[in-house]
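# Tertiary structure, described
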Amino acid sequence: MSFGETPITVIGNLTADPEIKFTDGGAALAKFTIAATPRVFDREANQWKDGTSTFFRCAAWRHLAEHVAESLAKGSRVVAFGRIRQHNWQTPEGENRSMLAMEVDEIGASLRFVNVAIEGKRTAASTTSDDPWNTGDNRPKPGDEPPF
């Protein structure tokens, strides 16, 4: 995330299955919408009711896009972290339009109401090229002397 960007975390449910597309350069792009609906307690009715939903149009890129498309579906409750992006365009009639969207950096299933099984295993070979903090396997080997 760059300086001056607006970070945001959204918790809600996907309104439809994610749509995945590929750019001419081969980069994956997943588009989806998260509906965040607050629950409010109605004292007169003595029950919880849904408040007004806010809909966040979201985009995820590259490996994250592929994982989103393969792992999430309509109704999935998620926790998403990213940043707000403003998109500006002009209609064929010459009217200026804009919209806010969320560019997702991290997303996962919410465990508040369901159990989730994690599939796959991240190996050292798969992390070397895409993890800027990876400096190799620095774990001690059997028989290594302690560093003190």
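The coordinates are above.
The text that follows walks through the structure, step by step, so that each part is easy to find. (Residues numbered from 1 in each chain as written. Predicted model: local features only at pLDDT ≥ 70, side-chain atom pairs only at ≥ 80, totals over all residues. Heavy atoms only, no water.)

### Examining the overall build of the protein
When you go through the protein residue by residue, the secondary structure sums to two helices and eight strands. When the helices and strands of the protein are listed from N to C terminus, the series reads β-β-β-β-β-β-α-β-β-α. Counting every position in the protein, which comprises 148 residues, the buried fraction comes to 22%. Taking all contacts inside the protein whose residues are at least 6 apart in sequence as the whole, residues at least 24 apart take part in 57%. Roughly 11500 Å² of accessible area belongs to the protein as shown, and the carbon and sulfur atoms make up 52% of that amount. (Helix = DSSP H or I, 4+ residues; strand = E, 2+ residues; numbered from the N terminus. Buried < 20%, exposed > 50% of the residue type's maximum accessible area, 1.4 Å probe, protein only. Contact = heavy atoms within 4.5 Å. Areas by Shrake-Rupley, 256 points an atom, 1.4 Å probe, with all protein chains shown as cover.)

### What about the nonpolar core?
In terms of nonpolar packing, the biggest core is built from 18 residues, with Phe32, Ile34, Val68, Met102, Val104 and Ile107 touching the most fellow members. Within the residue set of this core, elements represented by two or more residues are β1 (7-14), β3 (28-36), β6 (54-61), α1 (62-71), β7 (77-90) and β8 (96-109). The contact partners of Ile107, leaving out residues within four places of it in the chain, are Phe32, Leu64, Val68, Leu72, Val78, Val79 and Ala80. (Core = buried A, V, L, I, M, F, W, Y, C linked by side-chain atoms within 4.5 Å.)

### Digging into the pattern of salt bridges
Following the criterion strictly, the structure yields eight salt bridges and no others. Taking the shortest distance from any N to any O, the salt bridge between Glu95 and Arg97 comes out at 2.6 Å. A relative accessible area of 40% means that Glu95 is categorised as partly exposed. The exposure class assigned to Arg97 is partly exposed, which follows from its relative accessible area of 40%. Several salt bridges share partner residues, and in doing so they unite Glu5, Arg83, Arg85, Glu103 and Asp105 into one network. (Salt bridge = Lys/Arg side-chain N within 4 Å of Asp/Glu carboxyl O.)

### Brief notes about the pairing of strand β5 (residues 47-50)
Sheet analysis places strand β4 (residues 39-42) next to β5, joined by four bridges and oriented antiparallel. Residue pairing across strands places Val40 opposite Lys49, the latter belonging to β5. Between β4 and β5, which pair antiparallel and follow one another directly, the connecting turn spans four residues, one of which, Asn46, has a positive phi of 55°. (Pairing = 2+ DSSP bridges.)

### Section: the layout of surface pockets
What the second largest pocket holds in volume is close to 210 Å³. As for the second largest pocket, its lining consists of Leu29, Lys31, Arg57, Cys58, Ala59, Trp61, Arg85, His87, Met99, Ala101, Met102 and Glu103. Residue assignment for the lining of the second largest pocket shows that the elements contributing at least two residues are β3, β6, β7 and β8. Class assignment of the residues belonging to the lining of the second largest pocket gives a composition of seven nonpolar, one polar and four charged. (1 Å grid on protein atoms, 1.4 Å probe; cavity = no way out; pocket = protein on both sides within 12 Å on 5 of 7 lines; lining within 4 Å. Points joined across faces, edges and corners; volume = space filled by probe spheres on them. Nonpolar A, V, L, I, M, F, W, Y, C, P; charged D, E, K, R; others polar.)

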